[in-house]
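Working through the structure, step by step
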Amino acid sequence: MSSPRYLPFGDTALVIEFGKAISLEINQKVVALGKTLEEAKIEGIEEIVPTYRSLLVRYNPLKTTYEKLVFQIKDIESSPKLDIVRLDSREYTIPIVYGGEYGPDLEYVARYHGLTPKQVVELHSGKKYRVYMIGFIAGFPYLGVVPDEIATPRLEKPRLKVPAGSVGIAEKQTGVYPCEAPGGWRIIGRTPIKLFNSLQQPPTLLKAGDIVKFESISEEEFQILEEVTTKTGFLAFEGIGGNENF
Amino acid sequence: MKIFKVLKPGFFTTVQDLGRFGYLKCGVPISGAMDTFSHTAANVLVGNKPEDATLEVTLTGPELQALAKTQIAVTGGAVSLNINDQKAPMWQTLEVQEGDIISFGKIENGCRAYLSVRGGINVPFVLGSRSTYVRGGFGGINGRPLKSGDEIEGFTVSLLDVQYVLPEKLVPKFTGIYHVHVVLGPQADMFSKKGVNTFFSSQYTVTPESDRMGYRLEGPAIQHKAKADIVSDTLLPGAIQVPKNGEPIIIMRDAPTSGGYAKIAVAITPDISLLGQARPGDVIAFSKITLREAQQKTREFYRLLGSLSSMLIKM
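Residues numbered from 1 in each chain as written. Chains lettered and ligands numbered in written order. Predicted model: local features only at pLDDT ≥ 70, side-chain atom pairs only at ≥ 80, totals over all residues. Heavy atoms only, no water.

1. Concerning the overall build of chain A
For chain A, the count of helices and strands is 5 helices and 14 strands. Over its C-alpha atoms chain A spans a radius of gyration of 19 Å, differing by no more than 12% from the 18 Å that the globule rule assigns to 246 residues. Expressed along its principal axes, the backbone C-alpha trace of chain A runs to roughly 55 × 40 × 35 Å. Classification of the 246 residues of chain A by burial places 57% in the buried group. Within the structure as shown, chain A displays about 11,000 Å² of accessible surface, and the carbon and sulfur contribution to it stands at 53%. Side chains of chain A give 29 positive and 32 negative charges; the mean places of these two sets differ by 3 Å. (Helix = DSSP H or I, 4+ residues; strand = E, 2+ residues; numbered from the N terminus. Rg over C-alpha atoms; globule rule 2.2 N^0.38 Å. Buried < 20%, exposed > 50% of the residue type's maximum accessible area, 1.4 Å probe, protein only. Areas by Shrake-Rupley, 256 points an atom, 1.4 Å probe, with all protein chains shown as cover. Lys, Arg positive; Asp, Glu negative; His and termini not counted. Charge placed at Lys NZ, Arg CZ, Asp CG, Glu CD.)

2. Quick notes on the nonpolar core
Most often, soluble globular proteins have nonpolar side chains that are buried together. Residue and element names in this part refer to chain B. Phe4, Ile102, Leu115, Ile121 and Ile152 are the most contacted members of the largest nonpolar core, which has 46 residues in total. For this core, the secondary-structure elements that each account for two or more residues are strand E1 (2-8), helix H1 (36-45), strand E3 (54-58), strand E4 (63-66), strand E5 (70-83), strand E7 (94-96), strand E8 (101-117) and helix H4 (291-307). Counting 31 residues, the second-largest nonpolar core is a separate cluster that includes Phe174, Val196, Met252 and Leu275. (Core = buried A, V, L, I, M, F, W, Y, C linked by side-chain atoms within 4.5 Å.)

3. Considering the interface of chain A and chain B
Contact residues are listed per partner, giving 49 residues for chain A and 42 residues for chain B. Across the contact surface, chain A and chain B share 4 salt bridges. A salt bridge links Arg5 of chain A to Asp189 of chain B; the shortest N-O distance between them is 3.1 Å. Inspection of the region where chain A meets chain B yields 18 residue pairs in polar contact (both at pLDDT 80 or more). Elements that contribute at least two residues to the side of chain A that touches chain B include exactly strand E1 (5-9), strand E2 (13-17), strand E3 (45-50), strand E4 (54-59), helix H2 (66-77), strand E6 (128-135) and strand E11 (181-183) of chain A. Broken down by class, the residue content of the side of chain A that touches chain B amounts to 27 nonpolar, 12 polar and 10 charged. (Contact = heavy atoms within 4.5 Å. Salt bridge = Lys/Arg side-chain N within 4 Å of Asp/Glu carboxyl O. Polar contact = N/O pair within 3.5 Å; in protein donor to acceptor, adjacent residues only side chain to side chain. Nonpolar A, V, L, I, M, F, W, Y, C, P; charged D, E, K, R; others polar.)

4. With respect to unusual backbone geometry
Of the consecutive residues Gly144 of chain A and Val145 of chain A, the connecting peptide bond is found in the cis state with omega at -10°. You can see Val145 of chain A is positioned in the loop between strand E7 (140-144) and strand E8 (159-162). Of note, the bond from Gly185 of chain B into Pro186 of chain B is cis; its omega dihedral lies within 30 degrees of zero at 5°. As for its placement among the helices and strands, Pro186 of chain B is situated in the loop between strand E11 (177-184) and helix H2 (193-201). In this model, Leu59 of chain B sits at a positive phi of 60°, which is unusual for a non-glycine residue.

5. Looking at the side chain of Thr174 of chain A
Residues and elements named next belong to chain A. For Thr174, the location among the structural elements is in strand E10 (residues 173-176). For Thr174, a relative accessible area of 0% corresponds to the buried category. A polar side-chain atom of Thr174 sits 3.0 Å from a polar atom in the side chain of His124. If near-sequence neighbours (up to four positions away) are discounted, Thr174 is found in contact with His124, Tyr129, Pro141, Tyr142, Leu143, Val146, Val167, Gly168, Ile169, Trp185 and Phe214.

6. Quick notes on a negative patch on the surface
All names here are of chain A. On the surface, Glu101, Glu215, Glu219, Glu220 and Glu221 cluster together to form a negatively charged patch. For the negative patch, the leading source of residues is helix H5 (residues 219-232), giving 3 residues. Inspection of the secondary structure puts Glu219 in helix H5. (Patch = residues over 30% accessible without salt bridge, like charges linked within 9 Å, V, L, I, M, F, W, Y side chains within 5 Å.)

7. Overview of the pattern of salt bridges
Under the defined criterion, the tally for this structure stands at 26 salt bridges over all chains. A salt bridge links Lys128 of chain A to Glu91 of chain A, with the nearest nitrogen and oxygen atoms 3.4 Å apart. Of the two residues, Lys128 of chain A sits in strand E6 while Glu91 of chain A sits in strand E5 (residues 90-98), which places them 37 residues apart along the sequence. One salt bridge in this structure joins Asp210 of chain A and Lys207 of chain A, with 3.2 Å as the shortest N-O distance. Residue classification places Lys207 of chain A among the partly exposed positions, given a relative accessible area of 33%. Because the salt bridges share partners, they merge into one network encompassing Arg5, Glu17, Lys20 and Arg53 of chain A together with Asp189, Asp233 and Lys263 of chain B.

8. A few points about the pairing of strand E19 (residues 283-288) of chain B
Residue and element names in this part refer to chain B. In this sheet, E19 lies alongside E11 in parallel orientation, the contact comprising 6 bridges. Bridge assignment links Val180 to a residue of E19, and that residue is Phe286. As paired elements, strand E12 (residues 203-210) and E19 share 3 bridges and run antiparallel to each other. Note on E19: the bridge partner recorded for Thr205 is Val283. (Pairing = 2+ DSSP bridges.)

9. What to know about the environment of Thr207 of chain B
Residue and element names in this part refer to chain B. Structurally, Thr207 is set in strand E12. With a relative accessible area of 10%, Thr207 lands in the buried category. In the structure, Thr207 is positioned 10 residues away from Leu217 in sequence and 5.6 Å away in space, judged by C-alpha atoms. Once residues within four sequence positions are removed from consideration, Thr207 is found in contact with Arg216, Leu217, Glu218 and Pro280.

10. Remarks on the pairing of E6 of chain A
On a regular strand, each side chain points to the face opposite its neighbour's, so the side chains alternate between the two faces of the sheet. Residue and element names in this part refer to chain A. Burial analysis of E6 places 7 of its 8 residues in the buried class, which makes it a mostly covered element. Of the strand pairs in this sheet, E6 and strand E13 (residues 211-216) are connected by 3 bridges, and their pairing is antiparallel. In the sheet register, Lys128 faces E13, and the bridge partner there is Lys213. As paired strands, E6 and E7 are joined by 5 bridges and run antiparallel to one another. When the bridges of E7 are listed, Val131 appears paired with Leu143. Counted between consecutive antiparallel strands, the loop separating E6 from E7 contains 4 residues, among which Phe136 sits at a positive phi close to 65°.

11. Brief notes about the packing of H1 of chain B against H4 of chain B
Residue and element names in this part refer to chain B. Across the interface, H1 lies against H4 with an axial gap of 9 Å and an inter-helix angle of 20°. With respect to H4, the axis of H1 lies roughly parallel. Pair H1 / H4 crosses with right-handed handedness. Note on element contacts: H4 touches H1 through Phe301, Leu304 and Leu305, opposite Thr36, Phe37 and Thr40. (Axes fitted to C-alpha atoms, helices over the stretch in contact; angles between N-to-C directions. Parallel < 35°, antiparallel > 145°, perpendicular 65-115°, else oblique. Left-handed = near helix turned anticlockwise from the far one by under 90°.)

12. Some points on the sheet that holds strand E13 (residues 214-218) of chain B
Residues and elements named next belong to chain B. With mixed pairing, the 7 strands of this closed barrel are ordered in space as E11-E18-E15-E16-E13-E12-E19. Across the sheet, the mean angle separating the axes of adjacent strands is 40° when strand polarity is ignored. The sheet contact formed by strand E15 (residues 239-241) and strand E16 (residues 249-251) spans 2 bridges and is antiparallel. Across the sheet, residue Ile240 finds its bridge partner in E16, namely Ile250.

13. Quick look at the packing of aromatic side chains
A full pass over the atoms with the stated rule returns 17 aromatic pairs over all chains. Measuring from centroid to centroid gives 5.2 Å for Phe140 of chain A and Tyr177 of chain A, while their planes differ by 85°, and the two rings are edge-to-face. Pair noted here: Phe140 of chain A is in strand E7 and Tyr177 of chain A is in the loop between E10 and E11, with a separation of 37 residues, a long-range link. Given the relative accessible area of 1%, Phe140 of chain A is considered buried. Site record: aromatic cluster; members linked through ring pairs are Tyr52, Tyr132, Phe136, Phe140, Tyr142, Tyr177 and Trp185 of chain A. Over the ring of Tyr6 of chain A we find Lys74 of chain A; its NZ or CZ atom is 5.1 Å from the centre of that ring. Just above the ring of Phe125 of chain B sits the side chain of Arg130 of chain B; from NZ or CZ to the centre is 4.1 Å. (Phe/Tyr/Trp six-rings, centres within 6.5 Å; stacked < 30°, edge-to-face > 60°. Lys NZ or Arg CZ within 6 Å of the ring centre and 35° of its normal.)

Shown next, in the form of structure tokens:
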């Protein structure tokens, strides 16, 4: 991989761009550098935000300068040790009720690809996804990548309201709306699991680098689980940790 | 201690402080007062710290009843302010008695006014901040704007024995024409030379599709080299993204934390605060400065905010 680009982002942040594509290899570098920089506790850095293919570093211009930070970060980023950073990635299973009122676009996705809704469900829940980043709205995980057979373009006109828990597909990405929001992703199902709770620390269930698997459940199971999660705030059924090689 | 009862909420009045920092990686925006300068001035005029919470008033003001004797200050966009039936000035400490009615007219210049109260607005910290984030439904008063009948809590603190006024030369004028300094990037290389020229040589009008999340601007289309879309990455307040139609969107404090349009430039910190006063119909012109110049201006802005309390005049 070619060396990353360093770009100023206004007067309080910089971006380290590892590439322009959605790729596992690039995202692994992003997450690894993010964790290493957090541990390095460099003077003046206030926040580190991983994305698909870049890392944003927000800093205090009273305490450091762009040039100084670039120099310090390059030193860490070029270190061979970065390849063996151990991430505390976890694996989660997220239950979904697919189709019907919970997933109004399931039929469309099936038709678009000449599949049955059942085949779409099997394909969507048949693999593990990586959390590439959390963004957009509080707790929204960008997961990838969905099998080509069900990758579907966004709605031409976004919905003004997508209910909390909705699971959608946008091209090769899949994601979960933690709260009601406008959105253009094709909604194929809904989870009763809460992905965000502002009163917990950290407030999100997932973080970049985690692994997610979806499991198809019935409407009855959805209602039972929803009652539990509404009472308790959040938390999915946690699986095994330590998937740093995924 | 209950400090105000909300008789009328105004168009969109929220509790804000300096912002919620450290949760972008969880998808939580920074939020906080849109006009940092006016928020800070309101606080120091009643002897508060800059990070104390104020009420951010948008376009039309609320009507509040004081539930205890206290001191307040109102800053920001020019608004007619009454205590009972008496006109009251902005940018200075005002004393109100239990039962007094504080009422606002329409904001005439600018978009947002700030009302501080001695000791600050007392709502719980959520993720380290009192700021209201309406989309997420948390912070401030139950994550929403004020509504009639709300009772707002304050802190029990002793009142100041002097009253202050902000020196006239420090009172900002919101003229409706904003010259915004920007630093190019992070994706300026996705725009044609012509596109970059258009951006810096044109005037853009703030459209009604503008709120705490961001401002959609109308004006000459900024040309991309090819694509307008990028693989989504992080957004911060001040970022200027340009979708395919070429009309820029300025990201503000409650915006989504990531987005998929190329960003031509980012406004400098003091000008993001100024932009907090831009309202639909206002005009914005952008000019380019170097990162070094930007950081110099930003350091001066931070120093000004830090020394504001020592620059007040005793009345």
